[in-house]
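The chain contents come next:
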Amino acid sequence: MTDHTDNHDRVAGLLLAAGGGRRLGGRPKALLEHRGRLLVEHATGVLRAAGCSRVHVVLGARAADVRARARLADCVLVDNPDWEEGMGSSLRAGLGSLFGTGARAALVSLVDQPGIGPEAAGRVLAACRDETSLASAAYDGVRGHPVLLGAAHWAGVAASASGDRGARAYLGTHQAALTLVECADVARPYDIDTREDLARLIPGE
């Protein structure tokens, strides 16, 4: 019999934080500040609070600055030299770093969605049953992040990830296996993409 608690302990958090913030004037999103700390620190904290004891963070734009400034000593940092190709390359790098770790699934989140907190991430993590699990948050029925990818799907996701599509193509062709976890009551899935979006970030107290 499968022990679901053990499955949850073996879900790794995977944070995609490599973007260069082109529409933000070249300000990497990982280095933006929210609630008194860097956005990358906030996002890793969400994954840990949701129940991920292991968190891998994919870095790209100004990776050296992120390493120097962010408090990420308890995370595995993964460099993506191809980050300018888009989210797909970061997802491939992140999943590649998880092979051989014993993780049964990856809970994938994006660094620029501070409106999604531990409650939503925890709901999606709870959808993990084994290596074949496939789930994502939904907002009023529309698929969003975070996404749970069982290890049995990693190779397929990596093969189909390109540009800024990430896992979208794979999920689109595996809808029958995908569990949607409604989270609109506890999270808001906005992105920090433009200068106007910066107003959504909350200054430190």
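Before reading on, note that the structure itself is shown above.
Residues numbered from 1 in each chain as written. Predicted model: local features only at pLDDT ≥ 70, side-chain atom pairs only at ≥ 80, totals over all residues. Heavy atoms only, no water.

Trainee: Where do I start with the pattern of salt bridges in this structure?
Mentor: Pairs can form between side chains of opposite charge whenever their charged atoms are close. Applying the stated criterion across every chain, the model contains ten salt bridges. The salt bridge partner of D79 is R67, with a shortest N-O separation of 2.9 Å. Residue D79 is located in strand β5 (residues 76–79), and its partner R67 is located in helix α3 (residues 63–69); the two are separated by twelve residues in the primary sequence. Residue class for D79 comes out partly exposed when judged on its relative accessible area of 43%. Overlapping salt bridges, with partners in common, bring together R23, K29, D112 and D193 in one network. (Salt bridge = Lys/Arg side-chain N within 4 Å of Asp/Glu carboxyl O. Helix = DSSP H or I, 4+ residues; strand = E, 2+ residues; numbered from the N terminus. Buried < 20%, exposed > 50% of the residue type's maximum accessible area, 1.4 Å probe, protein only.)

Trainee: Any chance you could explain helix α4 (residues 87–98) here in plain terms?
Mentor: Side chains of residues three or four places apart in an α-helix project in the same direction, reflecting 3.6 residues per turn. An ideal rise of 1.5 Å per residue puts 16 Å on twelve residues; α4 measures up with 17 Å between its terminal C-alpha atoms. Those residues of α4 that fall on the buried side of the exposure criterion are G88, S89, S90, L91, G94, L95 and L98. Those residues of α4 that are buried are in contact with β1 (11–17), β4 (55–59), β6 (105–110), β8 (142–150) and α6 (154–160). After α4 finishes, the residue G100 shows a positive phi value of roughly 85°. (Expected span 1.5 Å × (residues − 1). Contact = heavy atoms within 4.5 Å.)

Trainee: I keep staring at empty space enclosed by the protein and nothing clicks. Help me out?
Mentor: To locate leftover empty space, one rolls a probe as large as a water molecule over the atoms. This structure, assessed with the given rule, holds one cavity of 30 Å³ or more. Volume-wise, the largest cavity comes out at about 120 Å³. Lining the largest cavity we find 13 residues, and of these V46, S109, L110, Q113 and I116 sit closest to its centre. Counting only elements with at least two residues in the lining of the largest cavity, the list comes to α2 (39–50), β6 and β8. Per-element tally for the lining of the largest cavity: the top contributor is α2, with three residues. Here the residues of the lining of the largest cavity sort into nine nonpolar, four polar and no charged. (1 Å grid on protein atoms, 1.4 Å probe; cavity = no way out; pocket = protein on both sides within 12 Å on 5 of 7 lines; lining within 4 Å. Points joined across faces, edges and corners; volume = space filled by probe spheres on them. Nonpolar A, V, L, I, M, F, W, Y, C, P; charged D, E, K, R; others polar.)

Trainee: Is there a simple way to think about the layout of surface pockets in this case?
Mentor: Here the largest pocket is characterised by a volume of approximately 1,000 Å³. Forming the walls of the largest pocket are 35 residues, and the residues nearest its centre are K29, M87, L110, D112 and D164. Taken together, the elements giving at least two residues each to the lining of the largest pocket come down to β1, α4, β6, β8 and α7 (168–173). Per element, the largest residue contribution to the lining of the largest pocket is five residues, and it comes from β8. Of the residues contributing to the lining of the largest pocket, the split by class is 15 nonpolar, nine polar and eleven charged.

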